[in-house]
Amino acid sequence: MTRFGAALLLCLFASLGSVQAAPGPHPHWSAGVHELSFLDPLDQQPMHAFAFYPSTDREQSSLLGGYQIDAAPDAQIAIGRFPLLMLSHGNTGTPLALHDLATSLARKGFVVVAVIHPGDNAQDHSRLGTLSNLYGRPIQISEAITATLNDPMLSPFVNAGQVGVIGYSAGGETALILSGATPDLNRLRRYCQERPDDRDACNTQGELIADRDDLQPVADPRVRALLLMAPLSLKFGRHTLADVHVPVLLYSGDGDKLVAFDKNAAALARKLPTAPDFKTLAGAGHFVFLAPCTDEQIAAMPALCTDADGVDRKDIHRTMISEASRFFGEALGKPTRAGMRTADQ
């Protein structure tokens, strides 16, 4: 038994010394949150993001942007190198509305950076319906990736070779551009001729405001996997998706009345060069992907919080979080101890 014990210790020390060794079973991680501030590449004005990450501190709930979120501000970060997931919200939205997804993935060993898109968020609609918003959002996500990799607190604990994007609604369009898709504006015009009553996609009658003719769709080769939830994807035809070669986990409700299921998620699933892992949620609407609401939120925002009969938002989120963790773990890889250092350094 003594020889066995010595051999076991030698194996343990060897595994800790290997730069490629994955961490063993870890204690239950909590979630921390760290605010990032950097310059919007479109106009060099400040923009912000919230980074959720695995922490070894005790569980704590914080009020952030009007949401009660299960994360502690600037808590002690766990040791390791963690995959990085960028979160892009929908038009006029906030990434904090998806806080349960972000904090749950943080507790599973991911750093999730939730970007607030300038000019297209809950407080500022100034770029809505413009070319600068369509092409600028992906550029903003790329800038947020760079800002995260340069952040003094986060950079030692993020794996630059393991980057994915989570896109909800218009954020799905943003994610697709980052992975190589090119929007076809003629498709939007034709769609709005067919469905002029679509007030979400056609609030400018299918014509985007050409405020920035210097911008083009720019892919980011650092992006290696996508989770898309009810993606706004009607601007993409089969040929404009030909350069998307990253794995995709695609979720949508077939009861979506805001982003038409047939012209968006269902069509996208058929047209991607590699078939996505497509999960259709029977009867679910567009807002089922937002975090389950409190009683106060249900009273204040019933349209965002109330699902169709038979649709269990809490159960959908439990399953989706588990599937997202599995998907990104397989597509990007698990956390490692490569470059391991303490959080105090």
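The chain goes by Dienelactone hydrolase in an unreviewed UniProt entry, where it is assigned to Pseudomonas bijieensis.

Asker: Would you mind going over the overall build of the chain in detail, with residue names and values included?
Answerer: Of regular secondary structure, the chain possesses nine helices and 11 strands. By residue count, 53% of the 345 residues in the chain fall in the buried class. Contacts spanning at least 24 positions in sequence make up 75% of the contacts within the chain whose residues lie at least 6 apart. Here the chain displays about 15500 Å² of accessible surface, and carbon together with sulfur accounts for 54% of that area.

Asker: Let's hear about the state of the cysteines: which residues, and what values?
Answerer: The final tally for this structure, using the stated rule, is two disulfides. Paired through a disulfide, Cys192 and Cys202 show a sulfur-sulfur distance of 2.0 Å. When the S-S torsion is -90 degrees, as for the bridge of Cys192 with Cys202, the disulfide is left-handed. Taken together, the positions of Cys192 in helix H5 (residues 185–194) and Cys202 in the loop between H5 and strand E9 (223–229) put the pair 10 residues apart, joining distant regions of the chain. Taken as a pair, Cys192 and Cys202 share a single burial class, namely buried. For the chain, numbering the cysteines in disulfides from first to last along the sequence yields the connectivity 1-2, 3-4.

Asker: Hey, could you go over the packing of helix H3 (residues 131–150) against helix H4 (residues 170–178) for me, with residue numbers and the actual values?
Answerer: Helices that pack against each other are described as a pair by the angle of their axes relative to one another and the distance between those axes. Viewed as axis vectors pointing N to C, H3 and H4 meet at an angle of 70 degrees, and their least axial separation amounts to 9 Å. Judged by the angle between their axes, H3 and H4 are roughly perpendicular. Residue-level inspection shows Leu134, Arg137, Pro138, Ile141 and Ser142 of H3 in contact with H4, the latter providing Ala170, Gly171, Glu173, Thr174, Ile177 and Leu178. Of the residues in the contact of H3 with H4, the class split is six nonpolar, three polar and two charged.

Asker: Hey, could you go over the pairing of strand E1 (residues 30–39) for me, with residue numbers and the actual values?
Answerer: Here E1 lies mainly inside the structure; seven of its 10 residues are buried. The hairpin turn running from E1 into strand E2 (residues 46–55), its antiparallel successor, is six residues long, and Gln44 in that turn takes a positive phi close to 65 degrees.

Asker: Describe the sheet that holds strand E10 (residues 248–253), and please don't skip the residues or the numbers.
Answerer: Spatially, the nine strands line up as an open sheet ordered E5-E1-E2-E7-E6-E8-E9-E10-E11, and their pairing is mixed. Looking at which strands have only one partner, the edges of the open sheet turn out to be strand E5 (72–73) and strand E11 (277–281). As defined by bridge partners, E2 adjoins strand E7 (residues 111–115) across four bridges and the pair is classed as antiparallel. Looking at E7, one finds that Phe50 is bridged to Ala114. Sitting on the sheet, helix H9 (residues 313–332) touches strand E6 (82–88), strand E8 (158–168), E9, E10 and E11, and the angle it makes with E9 is about 165 degrees.

Asker: Outline helix H2 (residues 99–107), listing residues and values.
Answerer: In terms of burial, H2 is largely enclosed, as nine of its nine residues are buried. Here H2 has its buried residues at His99, Asp100, Leu101, Ala102, Thr103, Ser104, Leu105, Ala106 and Arg107. At the C-terminal side of H2, Gly109 shows a positive phi close to 105 degrees.

Asker: Give a detailed account of H9, specifying residues and quantitative values.
Answerer: End to end, H9 covers 27 Å across 20 residues, agreeing with the expected 28 Å (1.5 Å per residue, within 8%). Among the residues making up H9, those that are buried are Arg313, Ile316, His317, Met320, Ile321, Glu323, Ala324, Ser325, Phe327, Phe328, Gly329 and Leu332. Taken from the residues just after H9, Gly333 is the one with a positive phi, measuring 105 degrees.

Asker: So what's going on with the pattern of salt bridges? Which residues, and what values?
Answerer: Where charged atoms of side chains with opposite charge meet at close range, the side chains can pair. The full count for this structure, using the stated rule, is 16 salt bridges. With a shortest N-O distance of 2.8 Å, Arg212 and Asp214 are connected by a salt bridge. Residue classification places Arg212 among the partly exposed residues on the basis of a relative accessible area of 24%. When the shortest N-O distance is used, the salt bridge between Arg326 and Glu323 registers 2.9 Å. With Arg326 and Glu323 both in helix H9 and three residues apart, the pair spans about one turn of that helix. Take Arg326: its relative accessible area is 30%, and that puts it in the partly exposed class. Shared partners join several salt bridges into a network, and the residues in it are Asp277, Lys279, Glu323, Arg326 and Glu330.

Scoring rules and cut-offs
Residues numbered from 1 in each chain as written. Predicted model: local features only at pLDDT ≥ 70, side-chain atom pairs only at ≥ 80, totals over all residues. Heavy atoms only, no water. Helix = DSSP H or I, 4+ residues; strand = E, 2+ residues; numbered from the N terminus. Buried < 20%, exposed > 50% of the residue type's maximum accessible area, 1.4 Å probe, protein only. Contact = heavy atoms within 4.5 Å. Areas by Shrake-Rupley, 256 points an atom, 1.4 Å probe, with all protein chains shown as cover. Disulfide = S-S within 2.5 Å. Axes fitted to C-alpha atoms, helices over the stretch in contact; angles between N-to-C directions. Parallel < 35°, antiparallel > 145°, perpendicular 65-115°, else oblique. Nonpolar A, V, L, I, M, F, W, Y, C, P; charged D, E, K, R; others polar. Pairing = 2+ DSSP bridges. Expected span 1.5 Å × (residues − 1). Salt bridge = Lys/Arg side-chain N within 4 Å of Asp/Glu carboxyl O.

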